[in-house]
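# Commentary on secondary and tertiary structure
So you can see what is in the structure, the chains are spelled out below.
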Amino acid sequence: MIVAMQEKATEEQIDFVIDAMVDAGVGVHRTTGASQTILAGVGPTASVDLSKFELLPGVLHVHRISSPYKLAGRGFRPEGTIVEFRNGVKVGNERIAVMAGPCSVESHDQIFETAARVKAAGGSFLRGGAFKPRSSPYAFQGMGISGLELMREAADAHGLLVVSEVMEISQIESMLPYVDLLQVGARNMQNFNLLRELGQVRKPVLLKRGIAATIEELLLSAEYILSGGNYDVILCERGIRTYETSTRNTMDISAIPVVKKYSHLPIIADPSHGTGRRDMVAPMAKAAVAAGADAIIVEVHPNADKAASDAAQTLYLDQFDKLMGELRVIATAIGRTM
Ligand code: PEP
Ligand code: MN
């Protein structure tokens, strides 16, 4: 950590800050410049609350040099993490994976038709919510376990993996027989009790970025899961809330290279929730692949206009086919496959 003192800081103020750093277990290296004193702290600074130092008299600013997350940081596995699934599908290698399906599982015909088309187009995961986090308590809340049963059957019939959202600790156990990838939704990114519990599970977790979360907060949330011993975590950029209203969220494409720089975990992109509009999904999916995303997760539905949730952002199956062809061209251009 670095503490930069104000130009007019007195010797007493500087000594007070040094004592506070030493009390926090940090070794201090002082540089006294012509006009300003800089205090460099080394040691267990990850656990130090920096804001405490910012408020001390005479301090100009304080910043961290080492990251507050250790297991999620790139340095822990410089070569990058590849998450491997039971059928050999991998996320995080040169092959870009595709996860597609409806926002919510609604019926046998809906999910079977979708699974057939996702497989035919080259997808490897069937997505679909059975427990739905809806903004309104009056909106469709999902089919629950019977939805997961349908999804599992449809996925198995077509050799696909299943990704579905877990909303609370009590659902984990009952979901395990049906899902291959447990999705933590944006609204639960900082549900730390849920994250800790998922650290105990031996099944991959898809952690979506919260609607107002910084990338550092996303990586700290991943750290909760990793610190429990579950290293199979995949991160997902799904748009953040900004002052822009022309899209549902603002798709933060730059999060992809930023996460790649700071973390070894695979990062995938969700242009459906990232834009909220089906006419914007393909351009953002293409941008995400070009930017280095390890997979794309998109909402598709055989009768997209009538989808029980997120209809406006759901692709028609023909649109999905076309998008897959375009993504392949981009993947090839950047030296990857699909
Ligand atoms: C979803 O995938 O349907 C979903 C609710 O996503 P998010 O948590 O990103 O809003
Ligand atoms: Mn959705």
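Refer to the structure presented above.
Here goes a summary of the coordinates provided.

Basis of the calculations
- Residues numbered from 1 in each chain as written.
- Chains lettered and ligands numbered in written order.
- Predicted model: local features only at pLDDT ≥ 70, side-chain atom pairs only at ≥ 80, totals over all residues.
- Heavy atoms only, no water.
- Patch = residues over 30% accessible without salt bridge, like charges linked within 9 Å, V, L, I, M, F, W, Y side chains within 5 Å.
- Areas by Shrake-Rupley, 256 points an atom, 1.4 Å probe, with all protein chains shown as cover.
- Salt bridge = Lys/Arg side-chain N within 4 Å of Asp/Glu carboxyl O.
- Lys, Arg positive; Asp, Glu negative; His and termini not counted.
- Charge placed at Lys NZ, Arg CZ, Asp CG, Glu CD.
- Helix = DSSP H or I, 4+ residues; strand = E, 2+ residues; numbered from the N terminus.
- Buried < 20%, exposed > 50% of the residue type's maximum accessible area, 1.4 Å probe, protein only.
- Core = buried A, V, L, I, M, F, W, Y, C linked by side-chain atoms within 4.5 Å.
- Contact = heavy atoms within 4.5 Å.
- Expected span 1.5 Å × (residues − 1).
- Arc of directions from axis to C-beta.
- Donors = N, O, S within 2.8 Å, 3.2 Å for Na, K, Ca; no water.
- Near = heavy atom within 4 Å.
- Polar contact = N/O pair within 3.5 Å; in protein donor to acceptor, adjacent residues only side chain to side chain.
- Nonpolar A, V, L, I, M, F, W, Y, C, P; charged D, E, K, R; others polar.
- Pairing = 2+ DSSP bridges.
- Right-handed = clockwise from strand over helix to strand, strands pointing away.

Another aspect to go through is a negative patch on the surface. A grouping of Glu-12, Asp-15, Asp-19 and Asp-23 is seen on the molecular surface, where their side chains present a negatively charged patch. Here Asp-19 lies in helix α1 (residues 11-23). On the basis of relative accessibility, which here comes to 47%, the residue Asp-19 falls in the partly exposed class.

Counting residues in each nonpolar core, the largest one holds 71 residues, and the members touching the most others are Leu-198, Leu-207, Leu-235 and Phe-320. The element that contributes the greatest number of residues to this core is helix α11 (residues 317-333), accounting for seven residues. Other than its neighbours up to four places away in sequence, Leu-207 contacts Val-184, Met-189, Leu-195, Leu-218, Ser-221, Ala-222, Ile-225, Val-233, Ile-234, Leu-235 and Cys-236.

Relative to the 24 Å expected for 17 residues at 1.5 Å per residue, α11 spans 25 Å between its end C-alpha atoms, a close match to the ideal helical length. Residues Leu-317, Phe-320, Leu-323, Met-324, Leu-327, Ile-330 and Ala-331 constitute the buried set of α11. Taken end-on, α11 shows its buried residues confined to a sector of 130°, consistent with a single buried face. Exposed positions of α11 whose direction lies more than 90 degrees from the buried face are Asp-318, Lys-322, Val-329, Thr-332 and Ala-333. The inward-facing, buried residues of α11 contact β7 (97-101), α3 (108-121), α10 (278-291) and β14 (295-299). Two residues or fewer after α11 comes Gly-335, characterised by a positive phi angle close to 80°.

Below, the discussion takes up the coordination of the manganese ion (ligand 2). Here the manganese ion (ligand 2) is held by Cys-103 (SG), His-273 (NE2), Glu-299 (OE) and Asp-310 (OD), and the distances to it run 2.0 to 2.4 Å. On the primary sequence, the residues serving as donors to the manganese ion (ligand 2) are separated as C-x169-H-x25-E-x10-D. Of this pair, Glu-299 sits in strand β14 while Asp-310 sits in the loop between β14 and α11, and the two are eleven residues apart along the sequence. The class for Glu-299 is buried, based on a relative accessible area of 0%. By relative accessible area, which is 19% here, Asp-310 ends up buried.

This next bit is on the site of ligand 1. The immediate surroundings of ligand 1 are formed by 13 residues, with Arg-127, Lys-132, Ala-186, Lys-208 and Arg-238 found nearest. The contact in question runs from an oxygen atom of ligand 1 to an N or O atom on the side chain of Gln-183, over 2.9 Å. Counted by class, the shell around ligand 1 contains three nonpolar, three polar and seven charged residues.

Our next topic: the pairing of strand β11 (residues 205-208). Side chains Val-205 and Leu-207 project from β11 onto one buried face, and the interleaved Leu-206 and Lys-208 project onto a second face that is buried too. The sheet contact formed by strand β10 (residues 181-184) and β11 spans three bridges and is parallel. Its bridge partner being in β11, Leu-182 is matched across the sheet by Val-205. With four bridges joining them, β11 and strand β12 (residues 233-237) adopt parallel strand pairing. Across the sheet, residue Lys-208 finds its bridge partner in β12, namely Cys-236. Chirality of the crossover, the property in question, places the unit of β11, helix α7 (residues 215-226) and β12 among those that are right-handed.

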